Amino acid sequence: MMKGLKKWRLFSLLAALTIFLSGCGEEYLSTLTPAGQVGRDQFNLLLLSSAIMALVIIVVVIIYVLALVKFRRKKVGENVIPKQVEGSHTLEIIWTVIPILLLLVLAVPTVYLTYKHADVAGMEKVDEGGNKTAVTVNVTAKLYWWEFEYPDLGVVTSQELVVPTDEKVYFNLKAADVKHSFWIPSAGGKMDTNVENVNQFYLEFDEASAGLEQGVFYGKCAELCGPSHALMDFKVKTMEREDFNAWVESAKTTEPAAEGELAKSGEEIFNTSCIACHATSAAGTGGGVGPNLAAFGDRNRVAGFMEHNEENLKAWINDPQSHKPGNLMPQPEAINNGNKFSEEQLDALAEYLMGLSIEK
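The following paragraphs examine the structure supplied in this document.

Scoring rules and cut-offs
Residues numbered from 1 in each chain as written. Predicted model: local features only at pLDDT ≥ 70, side-chain atom pairs only at ≥ 80, totals over all residues. Heavy atoms only, no water. Helix = DSSP H or I, 4+ residues; strand = E, 2+ residues; numbered from the N terminus. Contact = heavy atoms within 4.5 Å. Areas by Shrake-Rupley, 256 points an atom, 1.4 Å probe, with all protein chains shown as cover. Lys, Arg positive; Asp, Glu negative; His and termini not counted. Charge placed at Lys NZ, Arg CZ, Asp CG, Glu CD. Core = buried A, V, L, I, M, F, W, Y, C linked by side-chain atoms within 4.5 Å. Buried < 20%, exposed > 50% of the residue type's maximum accessible area, 1.4 Å probe, protein only. Pairing = 2+ DSSP bridges. Axes fitted to C-alpha atoms, helices over the stretch in contact; angles between N-to-C directions. Patch = residues over 30% accessible without salt bridge, like charges linked within 9 Å, V, L, I, M, F, W, Y side chains within 5 Å. Salt bridge = Lys/Arg side-chain N within 4 Å of Asp/Glu carboxyl O. Left-handed = near helix turned anticlockwise from the far one by under 90°. Nonpolar A, V, L, I, M, F, W, Y, C, P; charged D, E, K, R; others polar.

**Digging into the overall build of the protein chain**
- Looking only at helices and strands, the protein chain features nine helices and 12 strands.
- Seen through its principal axes, the protein chain has C-alpha atoms that stretch 95 × 60 × 40 Å.
- Look at the contacts in the protein chain between residues 6 or more apart in sequence, and 64% of them connect residues 24 or more apart.
- For the protein chain, the accessible surface area stands at approximately 20400 Å², while carbon and sulfur atoms represent 61% of it.
- Put simply, the protein chain has 31 plus and 45 minus side-chain charges, and the middle of one group is 18 Å from the middle of the other.

**Regarding the nonpolar core**
- Counting 48 residues, the largest nonpolar core has Tyr150, Leu161, Phe171, Phe182 and Ile184 as the members making the most contacts within it.
- The set of elements that each furnish at least two residues to this core consists of strand E1 (135-142), strand E2 (145-150), strand E4 (160-164), strand E5 (168-175), strand E8 (199-204), strand E9 (217-221), strand E10 (234-239) and helix H5 (241-253).
- With sequence-adjacent residues up to four places away left out, Phe171 is seen in contact with Met123, Val137, Val139, Leu161, Phe182, Asn199, Gln200, Phe201, Tyr202 and Leu203.
- Grouped together as the second largest cluster of nonpolar side chains are 22 residues, Leu293, Trp316, Tyr352 and Leu356 included.

**Re the sheet that holds E4**
- Strand order in the open sheet formed by five strands is E4-E10-E9-E6-E7, and the pairing between neighbours is mixed. Two strands bound the open sheet, and with one partner strand each, they are E4 and strand E7 (191-193). Each strand axis lies, on average, 30° off the axis of its neighbour in the sheet, ignoring direction.
- Sheet topology places E9 next to E10; three bridges connect them, and they run antiparallel. When the bridges of E10 are listed, Phe217 appears paired with Val236.
- Along the sheet, H5 contacts E4 and E10; its crossing angle with E4, the most-contacted strand, is approximately 130°.

**Some words on the environment of Asp166**
- Examined against the element boundaries, Asp166 turns out to sit in the loop between E4 and E5.
- Remark: the alpha-carbon pair of Asp166 and Thr136, spanning 30 residues in sequence, is separated by 15 Å.
- Excluding residues within four positions of it along the chain, Asp166 makes contact with Phe205, Asp206 and Glu240.

**Points about a nonpolar patch on the surface**
- Residues Ile57, Val61, Tyr64, Val65, Leu68 and Val69 make up a contiguous nonpolar surface patch of about 570 Å² in total accessible area.
- Take Val61: it is sitting in helix H2 (residues 37-70).
- Classification of Val61 by relative accessible area gives partly exposed; the value is 43%.

**Details of the packing of helix H7 (residues 310-318) against helix H9 (residues 343-354)**
- Between H7 and H9, the least distance of the axes is 9 Å, while the angle of their chain directions is 120°. The hand of the H7/H9 crossing is right-handed. Where H7 approaches H9, its residues Glu310, Leu313, Lys314, Ile317 and Asn318 are matched on the opposing element by Glu343, Leu346, Asp347, Leu349, Ala350, Glu351, Leu353 and Met354.
- When its residues are assigned to classes, the contact of H7 with H9 shows seven nonpolar, one polar and five charged.

Here it is, written out as structure tokens:
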């Protein structure tokens, strides 16, 4: 008796927690607050499937309770056996047809939306001048960071994806090392990035992200890829098309320029120790060994997950493995003549990198 009560208490507690925790999602990270049409389509499908499951559970519970009440021993007696319905063709047809109908109700929109969201024909549309009209982003997942190349615009960035609102943005997804998975929870479902093939899909965003609490949507790696899988985050900035065009133009024309003696000293250190892996210009193509740092000063986070300030930046430079185990960035001794960077060198590097900007 006591064991049964404990089980029901546990079940009730889990049910209550499910209800309460469903309200804990933030707008920039929650699938329950879709930020675009793809997310809304998938959210509506989630509601439909949940409603069907709830309906089945409710009907079964009602039948179960009615049977308990109607045929309880106190009412019908100890020796009464209810009428048996084994072999009833009518009932067999009913409980065969109803599940088929429920599956059809769920399958039709699921198949329709699967093909709809996989339609990337718009990626190849061009205007009268032969220029592509849609924004296409080549996403390359690496251990443990993200590269975003805009092949038709001649721009490449990393860690922060910038896209226009109110239009389809197309993605070519691939991995440079092991399998990863590209996921922006507020915008739509995840898509795997593989080493051997390119996956394609599109997403849409309704509004500029500037109005969000942190000014960005959060993106995640949704495939276990190594010891720092949970830290393989990226951010998404959405803006009106006019602002996006201005951002692209700035990305193509802005050249890194250190301002002030400390920043210039940092630029010299960077050019002797870091330039082999990191580019500081967003103009060009992808494929760099390390993340492109052209917009580092505009980022929301250091290394994708640490608060964006000079202290965290210096801590990252001086010991990247302690913050993201397994990442491919070398320890400072490997690029600084066998020594860690001094505090003065770290101050200079931080000043220089924080000044790299496309938006300012």
